[in-house]
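# Structural overview
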Amino acid sequence: MPLEQEVGYLERRAPVIECKQLGKAFPSRQGVVHAIDRLSLAVCQNEFMVLFGPGQCGKTTIINCLAGLEPPSEGEVLLHGESMEGPGPDRGVVYQTIGLFPWLTVMGNVEFGLKHQGVGKKERREKASHYIELVGLDGFEDSYPNQLSGGMRQRVGIARAYCIEPHVLLMDEPFGHLDAQTRYLMQEEIIRIWEAEKCTVIFVTNNIEEAVYLADRIIVLSERPATTKAEYVIDLPRPRDYVDPRFLRLRKEITEISFSE
Amino acid sequence: MTQYKNSTRVICGAIAITAFILLWYFGTSGTQLGNIMPGPVKVFRSFARSFVVPIGKYTMLGHAAWSFTRVIVGFSIASALGVVIGLGMGWSRVITAIFKPIIEIIRPIPAIAWIPLAILWFGLGETTKYFIIFLAGFFNVTLNAYHGATSVDQTLVGAARMLGTKNNRLFFAVVLPSSIPYIFAGMQIAITTSWATVVAAEMVRSSEGIGWLIISGMEINDTTRIFTGIVAVGILGFIFATIMREVENRVCRWSKKSDI
């Protein structure tokens, strides 16, 4: 599909989550640090949007603002056109550090959200089992996180976020701590999961290959303070091939844009 | 692999204990030392007999039960109150500001230093012992619980809020469970100090318990009885520590590294 047409198609739909002129500044010993500067973006229903940016450009801060875990200094975050305050189960977060509750089993972690929203035991067990199966962990329901490998833990993290059936999934470099092999596997897996249960995703990464492999659309972020530098619609067919010439061309182009001043 | 390690541990332990007892045996048979220190055979025979023939008012089991009860009562109150105040301190800066200075000042005072005062306040009965043992355990539990509550991983708090946990439930959903390993570490230290303290307290003023057994041995110049008491202190202390460790292993199974 030609680029303009694709963008037009996305813009016609109402965004699920958007931020307008988002700004975030922190006081620090070296004075005020501007982490985000007038960042605007909108993500549509079931879109897989990747925020790609260099190391410490404030990507986690963007996720925290979108999740409502940090209040923005400027601008606003809108969910279905309405401004929101504080975190809530309408936005599921998958953390880089995974952040499972170590005292709960896989089942306990995945059903945690539903339990705290007052969903009855039978119903939440059923739902949680469904998502545990979806991420490929059936049989590990009663394992504790410390009995699982890194990749398996992050599968639990994904199932936990999915299980609250959020309007948007926010993923903050979820595969950042995994070894290269597991990372490739998890990239395939996250696409498989997302295609099985469509969901709106904002995925943050500093890995260009991961960005091109996963994204419907990539937003290239600048160095701190983070703001939009470029935007790409990736219309390569899925499953994508890491060494497809078109894949490599996009990868090169986006890398160059990202590093240009 | 694990089995090999286990058998090595058991064999080495057995050899070391045997060597120790042999050294004790030969060191005390027919030597000058033997005049002031009973040999192992004598001590263990007396220890075994103490289960049947009462020393003072009770047999060994009776004395052990007295000491055991005192520890359990004092330790339980110390643990319950310590967890509440410690977690409370971790939860609220105001509570920290109120309790922390007092605790920091009282904590370095050894519990046995309170014995004379406790006797004047509570008399010679059980309350005094409970109070002393409470003091021996309380600060360890409190400060560990406090430390646990302040070391909660903020990602977990964020995750719980993201998953829809109301702020007023965060304490029971995240803070309490993630503090449990710290609380148990505190209780582990507390039970050991409590046990040491009950023996000291009974030695100062009491007419039953393992501490009394030891001090009564001194009063009648019976070193064998003293050693019998000391052996009992060692064995019971070991039992306490083992029970605590087992409970901890059960409750905190999730916090231990384990093989896949």
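Residues numbered from 1 in each chain as written. Chains lettered and ligands numbered in written order. Predicted model: local features only at pLDDT ≥ 70, side-chain atom pairs only at ≥ 80, totals over all residues.

Here we come to the interface of chain B and chain A. Across the boundary between the two partners, chain B contributes 19 residues, which contact 23 residues of chain A. For the side of chain B that touches chain A, the elements supplying multiple residues, two or more each, are α8 (154-162) and α9 (170-204) of chain B. Here the element with the most residues in the side of chain B that touches chain A is α8(B); it accounts for six residues. Grouping the constituent residues of the side of chain B that touches chain A by class yields eight nonpolar, seven polar and four charged. (Contact = placed C-beta atoms within 7 Å. Helix = DSSP H or I, 4+ residues; strand = E, 2+ residues; numbered from the N terminus. Nonpolar A, V, L, I, M, F, W, Y, C, P; charged D, E, K, R; others polar.)

Residue and element names in this part refer to chain A. By the assigned domains, chain A splits into domain 1 (3-90 + 166-259) and domain 2 (102-165). When each unit is reduced to the centre of its C-alpha atoms, the spacing between domain 1 and domain 2 is 25 Å. Contacts between the two partners involve 14 residues from domain 1, matched on the other side by 13 residues from domain 2. Per-element tally for the side of domain 1 that touches domain 2: the top contributor is helix α6 (residues 180-196), with six residues. (Domains from an automatic or database assignment.)

Let us look at the nonpolar core. Judged by nonpolar contacts, the single largest core of 135 residues is most densely connected at A:Leu66, A:Ala159, A:Ile202, A:Ile218 and B:Ile132. For A:Ile218, the contacting residues outside a window of four places in its chain are A:Val50, A:Phe52, A:Ala211, A:Tyr232, A:Ile234 and A:Ile254. (Core = buried A, V, L, I, M, F, W, Y, C linked by C-beta atoms within 7 Å. Buried ≥ 20, exposed ≤ 12 C-beta atoms within 10 Å, placed from the backbone.)

The next thing to look at is helix α10 (residues 210-219) of chain B. Among the residues making up α10(B), those that are buried are B:Ile210, B:Gly211, B:Trp212, B:Leu213, B:Ile214 and B:Gly217. Residue B:Asn221 follows α10(B) closely and has a positive phi angle near 60°.

This part covers the environment of A:Leu178. You can see A:Leu178 is positioned in the loop between β7 (168-172) and α6. Leaving out residues up to four positions away in the same chain, A:Leu178 has contacts with A:Gly150, A:Gly151, A:Gln154, A:Arg183 and A:Met186.

Predicted coordinates in areas of low pLDDT are best not read in detail. Residue and element names in this part refer to chain A. Looking at chain A as a whole, its pLDDT mean stands at 87, while 95% of the residues score no less than 70. For chain A, helix α1 (residues 3-12) is the element with the lowest average pLDDT, namely 50, and helix α3 (residues 106-116) is the one with the highest, namely 94. Counting contacts from residues 1-5, a segment whose pLDDT is below 50, to residues more than four positions away or on other chains yields three contacts. (pLDDT = per-residue confidence, 0-100.)

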